[in-house]
Amino acid sequence: MSDKHIENDYKESLTERSKVAKWVNDRLPVISMMENVLFKHAYPKNLSYWWSFGSIAGIALMVQIISGLFLSMHYTANTEMAFDSVEHIMRDVQFGWLMRYIHAVGASMFFVALYAHMGRGMFYGSYKAPREILWWMGVVMFLLTMATAFMGYVLPWGQMSFWGATVITNLFSAFPIVGESIVTWLWGGFSVDNPTLNRFFTLHFLLPFVIVGAVLIHLVSLHTSGSNNPSGVKLKTKKDSIPFHPYFTIKDMVGFVAFFLVFGYFLFFYPNALGHPDNYIPANPMVTPPHIVPEWYFLPFYAILRAVPDKLGGVLMMFGAIAMLFALPFLDRSKITSGAYRPLFKKFFTVFIINFLILGWLGQAPAEGIYIMASRITTFIYYAYFLIVLPFLPRFEKALPEPESIDAHYKSKH
Amino acid sequence: MSQKTDSVKDENRRKILTKTAYTTTGIGAACAIYPFVMSMNPAEDVQALSSVEIDISGIEVGSAKKIMWRGKPVSVRRRPQNEIDEANKVDLNTLRDPQKDSDRVKKGKEEWLVTIEICTHLGCVPTPESGEFNGWFCPCHGSQYDTSARIRKGPAPKNLAIPPYEFLSDTVIKIG
């Protein structure tokens, strides 16, 4: 919360120039709302391209919803027909291959944007006061997106679909006493079967709209607490700010172009590179594939699950890894918002990111020998970053001086 | 009586009414949720598919037959004598889920081991006749079971489950 409310100058409201616009706006304030967001609301003028990933995640969500809607017109959520209906989409439906590959590659691209967006927030301290609720809404959306992606992967009813669903739903059986009944309830039977596939399709269709709702709450919170920026310094004067339009509309367009270039590269040249070939084998409840691997975006958390030799312990450590993100605003005791002015933090953050990538790599390695020890060490480092480094580092760290204002920071760079 | 005390009395009465209304609404909401939650549990027809009969006459010593029961793979394995001896030799104190081999088979039918072939860790189907203990090895997360399908190593917490079953005759087993 800036002590005084900063707003860009904006004099020519459409409602003053047009009687029709005024008539509409007096009854439904869409015009003044848009004008507030696009012209009046003060955005820090020093936002870097790291700030593009929020809108990129937004457009990735739209891509998923639209391609998914068209896929659902041809897909059949029944264990006897699901696999064949996906092949029907691929071979018979006009441009069905395109819709499906957009949707499959799009899920991966969505996670690329999400991870970049979260990494930016973690480096620049975007979770700190007054943005705690903004950050928590983000973590909630991350969880919802993971749930949606997981259930979507089950729908083609291939071997990885079936066994991924079996392993992940069985995580809940680790909880004492009620575990087994929870799993039976989730399945709607005594194993992953037709009732499971049906409800996963229903929820996979529903959840993206829940995410859209969460995005709106995320944005309301963003416009209340204001955007963070690379300097971490608050908006102080009008000189610090610029309107969203045309500055960030055009900057976001650059981000979209870069994003869709990468998207297109995978979509048209390597559409199956991010999936598992075993999912082109129809589901068989009698045979487990020798090596079950989740989608790449779950791998770091899967590695944490497998690092622990105890069933309940592994499940708790995995859920705990996400819980760390919720606790982040309380764990980081530093008064400096942006990591750019924290020399030691920068080093630890780099270690954390590299460690997270190694965890991801270990998640797809076989669970044996040296890999188990390596995943234990990396799991420890993951937790140590949250529970040891962030709370205690500020006691030893000598921070660099923060810039006087956003304007001063901007001028030092240009 | 003055008007003041009357009004205070009224307010207290009103609070009780309000609380009663809230409580009743709460109970009502909980009752309304119940059928929705229960609708997600196994349907009657799924619950009804609860027993199957298997002809075991063709199973050679040292081999097994797999069938589906409630959507789960069940293995009926005819064990050679050395596997039974191996299972009996194990010190129960060393087991994670201690159970005698004789408690996992029917008396007089020790060579027949009937198990739900689902790893008690996260539900994969383990590979029979493999692993360090000549029993089952789960490829997913490396759990190992012995010749009595008891957990010996790896993350799984329990032995492979034994389904309810009975011998209808020497050659037919009814599971469920």
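Every value quoted in this text rests on a predicted model; they were computed, and no experiment measured them.

**Observations concerning the overall build of chain B**
(1) Moving on: The helix and strand tally for chain B stands at three helices and 10 strands.
(2) Moving on: For chain B, the α and β elements follow one another from N to C terminus as α-α-β-β-β-α-β-β-β-β-β-β-β.
(3) Moving on: Expected size for 176 residues packed as a compact globule is a radius of gyration near 16 Å; at 28 Å, chain B overshoots this value by more than 25%.
(4) Moving on: Considering only C-alpha atoms, chain B reaches an extent of 95 × 35 × 30 Å along its principal axes.
(5) Moving on: Here chain B holds 176 residues, and the buried ones make up 33% of them.
(6) Moving on: For chain B, the exposed area adds up to about 10,100 Å²; of that, 55% sits on carbon and sulfur atoms.

**Side note on the interface of chain B and chain A**
(1) Moving on: Residue-level contacts link 27 residues of chain B with 26 residues of chain A.
(2) Moving on: Taking both sides of the interface into account, the surface hidden between chain B and chain A amounts to around 2,200 Å²; carbon and sulfur atoms contribute 66%.
(3) Moving on: Area buried by chain B at its contact with chain A is led by B:Met40, B:Leu122 and B:His141, which between them contribute 28% of it.
(4) Moving on: For the pair chain B and chain A, the interface holds zero salt bridges.

**Description of the packing of helix H12 (residues 299–307) of chain A against helix H14 (residues 343–364) of chain A**
Residues and elements named next belong to chain A.
(1) Moving on: Direction vectors running N to C along H12 and H14 enclose 70 degrees, while the axes themselves pass 7 Å from each other. One finds that H12 runs roughly perpendicular with respect to H14. The two elements H12 and H14 cross, and the hand of that crossing is left-handed. Contacts between H12 and H14 involve Leu 299, Pro 300, Phe 301, Tyr 302, Ala 303, Ile 304 and Arg 306 from the former and Phe 356, Leu 359, Gly 360, Leu 362, Gly 363 and Gln 364 from the latter.
(2) Moving on: A class-by-class count of the residues in the contact of H12 with H14 yields nine nonpolar, three polar and one charged.

**A few points about unusual backbone geometry**
(1) Moving on: Residues A:Ala129 and A:Pro130 are joined by a peptide bond in cis, for which omega reads 5 degrees.
(2) Moving on: Mapping A:Pro130 onto the fold places it in the loop between helix H6 (96–123) and helix H7 (132–154).
(3) Moving on: Cis geometry is adopted by the peptide bond preceding A:Pro246, which originates at A:His245 and carries an omega value of 5 degrees.
(4) Moving on: Inspection of the secondary structure puts A:Pro246 in the loop between strand E2 (241–242) and helix H11 (247–269).
(5) Moving on: Backbone geometry at B:Asn134 places phi at a positive 55 degrees, although glycine is not the residue there.
(6) Moving on: By the secondary structure assignment, B:Asn134 is in the loop between strand E5 (127–130) and strand E6 (135–137).
(7) Moving on: Residue B:Asn134 is classed as partly exposed on the basis of its relative accessible area, which comes to 44%.
(8) Moving on: A positive phi angle is found at B:Ala149, which is not glycine, with a value near 60 degrees.
(9) Moving on: Looking at the element boundaries, B:Ala149 is found in the loop between strand E7 (144–145) and strand E8 (151–153).

**Describing the pattern of salt bridges**
Residue and element names in this part refer to chain A.
(1) Moving on: This model, assessed by the stated rule, comprises 19 salt bridges over all chains.
(2) Moving on: We note a salt bridge from Lys 238 to Asp 9, for which the minimum N-O separation is 3.0 Å. Taken together, the positions of Lys 238 in the loop between helix H10 (194–225) and E2 and Asp 9 in the segment before helix H1 (14–17) put the pair 229 residues apart, joining distant regions of the chain.
(3) Moving on: In this structure, Asp 407 engages Lys 239 in a salt bridge whose closest nitrogen and oxygen atoms are separated by 3.8 Å. One end of the pair, Asp 407, is in helix H16 (residues 406–413); the other, Lys 239, is in the loop between H10 and E2, with 168 residues separating them in the sequence.
(4) Moving on: Residue classification places Asp 407 among the buried residues on the basis of a relative accessible area of 7%.
(5) Moving on: Given the relative accessible area of 54%, Lys 239 is considered exposed.
(6) Moving on: Salt bridges here are not isolated pairs; linked through shared partners, they connect Lys 45, Lys 239, Asp 407 and Lys 411.

**Notes on the sheet that holds strand E10 (residues 172–175) of chain B**
All names here are of chain B.
(1) Moving on: Pairing is antiparallel in the open sheet, where three strands are placed in the order E1-E10-E9. Here the strands that pair on one side only, and so sit at the sheet edges, are strand E1 (52–55) and strand E9 (165–167). Each adjacent strand pair in this sheet contributes to an overall mean axis angle of 20 degrees, direction not counted.
(2) Moving on: As paired elements, E9 and E10 share three bridges and run antiparallel to each other.

**Here we look at the packing of aromatic side chains**
(1) Moving on: Counted according to the given criterion, the structure contains 45 aromatic pairs over all chains.
(2) Moving on: Taking 5.5 Å as the distance between ring centres and 35 degrees as the angle between the ring planes, the aromatic pair formed by A:Phe352 and A:Tyr382 counts as tilted. Here A:Phe352, found in helix H14, pairs with A:Tyr382, found in helix H15 (residues 370–396); they are 30 residues apart in sequence, far enough to count as distant. Each member of the pair, A:Phe352 as well as A:Tyr382, is classed as buried.
(3) Moving on: Assessed through its relative accessible area of 2%, A:Tyr382 is described here as buried.
(4) Moving on: Just above the ring of A:Tyr49 sits the side chain of A:Lys251; from NZ or CZ to the centre is 4.4 Å.
(5) Moving on: Here the basic side chain of B:Arg70 rests over the ring of A:Phe190, its NZ or CZ set 3.9 Å away from the ring centre.

**Looking at a nonpolar patch on the surface**
Residue and element names in this part refer to chain A.
(1) Moving on: There is a patch of nonpolar side chains on the surface, built from Met 62, Ile 66, Leu 69, Phe 70, Met 73, Phe 205 and Phe 209 and spanning about 660 Å² of accessible area.
(2) Moving on: Of all the secondary structure elements, the ones that give two or more residues to the nonpolar patch are helix H4 (53–72) and H10.
(3) Moving on: Examining the composition of the nonpolar patch, we find that four residues originate from one element, H4, more than from any other.
(4) Moving on: One can find Phe 205 in helix H10.
(5) Moving on: Look at Phe 205 and you get partly exposed, because its relative accessible area is 34%.

**Observations regarding the sheet that holds strand E3 (residues 72–78) of chain B**
Residues and elements named next belong to chain B.
(1) Moving on: Within the open sheet, the three strands sit side by side as E2-E3-E4. Their pairing is antiparallel. Looking at strand neighbours, the two that pair on one side only are strand E2 (64–69) and strand E4 (112–116), the edges of this open sheet. Going across the sheet, the axis of each strand differs from the next one's by a mean of 20 degrees, ignoring polarity.
(2) Moving on: Relative to E3, E2 runs antiparallel, the two sharing six bridges. Note on E3: the bridge partner recorded for Lys 65 is Val 76.

**Some words on the pairing of E5(B)**
All names here are of chain B.
(1) Moving on: When E5 meets E6, the two strands line up antiparallel, connected through three bridges. Considered in E6, the bridge of Thr 127 is made with Phe 137.
(2) Moving on: The antiparallel hairpin formed by E5 and E6 contains four residues in its connecting segment, where Gly 131 sits at a positive phi of about 90 degrees.

**Describing the packing of helix H5 (residues 82–91) of chain A against H6(A)**
All names here are of chain A.
(1) Moving on: Put simply, H5 and H6 touch, their axes get as near as 5 Å, and they point 115 degrees apart. Listed contacts from H6 to Val 86, Ile 89 and Met 90 of H5 are Gly 96, Trp 97, Arg 100 and Tyr 101.
(2) Moving on: The class makeup of the residues in the contact of H5 with H6 is five nonpolar, one polar and one charged.

Conventions we followed
- Residues numbered from 1 in each chain as written.
- Chains lettered and ligands numbered in written order.
- Predicted model: local features only at pLDDT ≥ 70, side-chain atom pairs only at ≥ 80, totals over all residues.
- Heavy atoms only, no water.
- Helix = DSSP H or I, 4+ residues; strand = E, 2+ residues; numbered from the N terminus.
- Rg over C-alpha atoms; globule rule 2.2 N^0.38 Å.
- Buried < 20%, exposed > 50% of the residue type's maximum accessible area, 1.4 Å probe, protein only.
- Areas by Shrake-Rupley, 256 points an atom, 1.4 Å probe, with all protein chains shown as cover.
- Contact = heavy atoms within 4.5 Å.
- Buried area = accessible area lost by both parts, 1.4 Å probe.
- Salt bridge = Lys/Arg side-chain N within 4 Å of Asp/Glu carboxyl O.
- Axes fitted to C-alpha atoms, helices over the stretch in contact; angles between N-to-C directions.
- Parallel < 35°, antiparallel > 145°, perpendicular 65-115°, else oblique.
- Left-handed = near helix turned anticlockwise from the far one by under 90°.
- Nonpolar A, V, L, I, M, F, W, Y, C, P; charged D, E, K, R; others polar.
- Pairing = 2+ DSSP bridges.
- Phe/Tyr/Trp six-rings, centres within 6.5 Å; stacked < 30°, edge-to-face > 60°.
- Lys NZ or Arg CZ within 6 Å of the ring centre and 35° of its normal.
- Patch = residues over 30% accessible without salt bridge, like charges linked within 9 Å, V, L, I, M, F, W, Y side chains within 5 Å.

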